[in-house]
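Fold and contact review
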Amino acid sequence: DVKVTQSSRYLVKRTGEKVFLECVQDMDHENMFWYRQDPGLGLRLIYFSYDVKMKEKGDIPEGYSVSREKKERFSLILESASTNQTSMYLCASSAPVGGTEAFFGQGTRLTVV
Amino acid sequence: AQSVTQPDIHITVSEGASLELRCNYSYGATPYLFWYVQSPGQGLQLLLKYFSGDTLVQGIKGFEAEFKRSQSSFNLRKPSVHWSDAAEYFCAVAPYGGSQGNLIFGKGTKLSVKP
């Protein structure tokens, strides 16, 4: 079975903390993505990466950065967490253009207090 | 800009009844289309996808969807709903030239099932 694993299901962090959300996939996919999910807003793309050390901004990159040092791992970084970043974060991976659909992790529910 | 509209925020159906969830998209070229399902507290699972060819696609769990280019729609259907189908359903479109993972999602339709 294909697998996308997010390191934490639930996180509680304080305002101003630097937060790392980790995602690992075992499918040797080139593409990896971070989405944020909020009620009534659906899923919004934060950042994506088509290759190691490559990153592209999505629709809502402000307040976030990413790191992809290895093909299988894609990290989302909240430089200084704020309460409006309380949300569900979903990681996904996919093969390159012409490949298969996106596979999602179980999500990390982050609460910033 | 590309967009996906799911007009129904919440739908309630009786167990055993038929189901249709609506999805309309705004897109300049032939899109790749997807339906995902999300159970509470879980990630997203792909139900079905349309890339090309037959406009009626079959998915898992007895779901099907029909692509209608003239209506820019990709509605999801199931002939007989089971209580375990209660979940949130997301329609998504892949932008032209992008990876199928770079998806644009609708805001979702929450399905409740009455006994």
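One can find the structure itself at the top, above this paragraph.
I will try to describe carefully the structure that is included in this document.

About the cut-offs
- Residues numbered from 1 in each chain as written.
- Chains lettered and ligands numbered in written order.
- Predicted model: local features only at pLDDT ≥ 70, side-chain atom pairs only at ≥ 80, totals over all residues.
- Heavy atoms only, no water.
- Buried < 20%, exposed > 50% of the residue type's maximum accessible area, 1.4 Å probe, protein only.
- Helix = DSSP H or I, 4+ residues; strand = E, 2+ residues; numbered from the N terminus.
- Pairing = 2+ DSSP bridges.
- Salt bridge = Lys/Arg side-chain N within 4 Å of Asp/Glu carboxyl O.
- Phe/Tyr/Trp six-rings, centres within 6.5 Å; stacked < 30°, edge-to-face > 60°.
- Contact = heavy atoms within 4.5 Å.

Bringing the pairing of strand 12 (residues 109-114) of chain B into the picture now. The side chains of a regular strand alternate, residue by residue, between the two faces of the sheet. All names here are of chain B. Only one face of strand 12 is covered, namely the face carrying Thr109, Leu111 and Val113; the face carrying Lys110, Ser112 and Lys114 is uncovered. Relative to strand 12, strand 2 (residues 10-14) runs parallel, the two being bridged by five bridges. Note that in strand 12 the partner of Thr12 across the bridge is Ser112. Judged from the three bridges that link them, strand 10 (residues 87-94) and strand 12 form a sheet pairing that is antiparallel. By the bridge assignment, Glu88 is partnered in strand 12 with Lys110.

A separate point is the pattern of salt bridges. Residues and elements named next belong to chain A. Scanning all chains against the criterion turns up ten salt bridges over all chains. Note that Asp38 is salt-bridged to Arg36, the shortest N-O span being 2.8 Å. Residue Asp38 shares its accessibility class with Arg36, and that shared class is buried. As a salt-bridge pair, Arg44 and Asp38 come within 2.8 Å of each other at their nearest N and O atoms. You can call Asp38 buried: its relative accessible area is 11%. Sharing partners across several salt bridges, the network here consists of Asp28, Glu30 and Lys71.

With that settled, consider the packing of aromatic side chains. A full pass over the atoms with the stated rule returns 17 aromatic pairs over all chains. Plain terms: the ring middles of Tyr35(A) and Phe105(B) are 5.4 Å apart, the flat faces sit at 90 degrees to each other, and that makes the pair edge-to-face. Highlighted residues: Tyr35(A) in strand 4 (residues 31-38) and Phe105(B) in strand 11 (residues 104-105), drawn from two different chains. With respect to burial, Tyr35(A) and Phe105(B) carry one shared label: buried. Relative to Phe105(B), the ring of Phe104(A) lies with its centre 6.1 Å away and its plane at 75 degrees, an arrangement referred to as edge-to-face. Linking Phe104(A) in strand 10 (residues 103-104) with Phe105(B) in strand 11, this pair reaches from one chain into another. The residues Phe104(A) and Phe105(B) share a single accessibility class, namely buried. Put simply, the rings of Phe33(A), Tyr35(A), Phe48(A), Tyr50(A), Phe104(A), Tyr32(B), Phe34(B), Tyr36(B), Phe51(B), Phe90(B) and Phe105(B) touch in pairs and so form one group of aromatic residues.

This part is about the environment of Tyr50(B). Residue and element names in this part refer to chain B. With respect to the helices, strands and loops of the structure, Tyr50 is situated in strand 6 (residues 44-50). The buried category is assigned to Tyr50, whose relative accessible area is 3%. Sequence separation of Tyr50 and Lys61 is eleven residues, and the distance between their C-alpha atoms is 16 Å. With residues up to four places along the chain from it excluded, the contact list for Tyr50 reads Pro31, Tyr32, Leu33, Thr55, Val57, Phe67 and Phe74.

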